[in-house]
Amino acid sequence: MRHSSGEGCPLLIGYARVSTTDQTPALQEDALRQAGCTKIFRDVMSGAAADRPGLQQALEYVRPGDVLVVWKLDRLGRSLKHLIAVVEDLRARGVGFRSLQEEMDTTTPGGQLIFHIFGALAEFERALIRERTRAGLAAARARGRQGGRPRKLTPDAVRLAQQMLAQPGTTVTAVAAALHVHRGTLYRAFRRGSRE
């Protein structure tokens, strides 16, 4: 059950996460209570896990005017991109966000500025990755290599398949099974061969 922390005061909701069962969230929870959190949600699982019930409950619990508080930024987001997405969603719903260790508070102008810088850095990182990927593919093409998965059938295997199919009564299904590939893979290899 929700309750107000006082007239005009935001309700502080805590979220704590530890990675394994041999760790205890007590340190985080003590810090969250000391910061004024009246309710704390928790998860005991890797930060990389997409499905975190405690975080989901916390996100469903907060209301406009509330502030979601974590002990450290890495307790909330799986990645910088995920962290930014969660905090942006909170902002759109009128919910603040505070991280105790980094002293970030999106309810203040300084905290909002830091968060916007985070967003710009994440976009810069994505742009760099896209640029590196394009440059790598262009360099590979210049050396005669194509991107994508390697072909399952070598040119020798395709020739063998064609020879097998030339035998009376041999089906594409039987040849594909003998070469441990799907029939569609065999058909695509034949089509490529006819174009090359």
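Refer to the structure printed above.
All figures in this text were calculated on a predicted structure; none of them were measured in a lab.

Peer 1: Help me understand the overall build of the chain in this model?
Peer 2: Per the secondary structure count, the chain includes seven helices and five strands. Listed N to C, the secondary structure of the chain is β-α-β-α-β-α-β-β-α-α-α-α in terms of helices and strands. A buried classification covers 34% of the 196 residues belonging to the chain. Contacts in the chain between residues far apart in sequence, at least 24 positions, make up 63% of those at least 6 positions apart. As displayed, the chain has an accessible area near 12,500 Å², and 55% of this comes from carbon and sulfur atoms.

Peer 1: What should I look at first to understand the sheet that holds strand 2 (residues 39-44) in this one?
Peer 2: In a beta sheet, neighbouring strands are held together by backbone hydrogen bonds and run either parallel or antiparallel to one another. Judged by pairing direction, the sheet is mixed, and its five strands sit side by side in the order 2-1-3-4-5 without closing on themselves. What marks the edges here is a single partner per strand, and that holds for strand 2 and strand 5 (104-105). Both strand 4 (residues 96-99) and strand 5 contribute to a ladder of two bridges, which runs antiparallel. Paired with Arg-98 across the two strands is Asp-105, which belongs to strand 5. Helix 1 (residues 26-34) rests against strand 1 (12-18), strand 2 and strand 3 (67-70) of the sheet, and its axis sits at about 170° to strand 1. Where helix 2 (residues 53-61) meets the sheet, it contacts strand 1, strand 2 and strand 3, and its direction lies at approximately 155° from that of strand 2.

Rules used throughout
- Residues numbered from 1 in each chain as written.
- Predicted model: local features only at pLDDT ≥ 70, side-chain atom pairs only at ≥ 80, totals over all residues.
- Heavy atoms only, no water.
- Helix = DSSP H or I, 4+ residues; strand = E, 2+ residues; numbered from the N terminus.
- Buried < 20%, exposed > 50% of the residue type's maximum accessible area, 1.4 Å probe, protein only.
- Contact = heavy atoms within 4.5 Å.
- Areas by Shrake-Rupley, 256 points an atom, 1.4 Å probe, with all protein chains shown as cover.
- Pairing = 2+ DSSP bridges.
- Axes fitted to C-alpha atoms, helices over the stretch in contact; angles between N-to-C directions.

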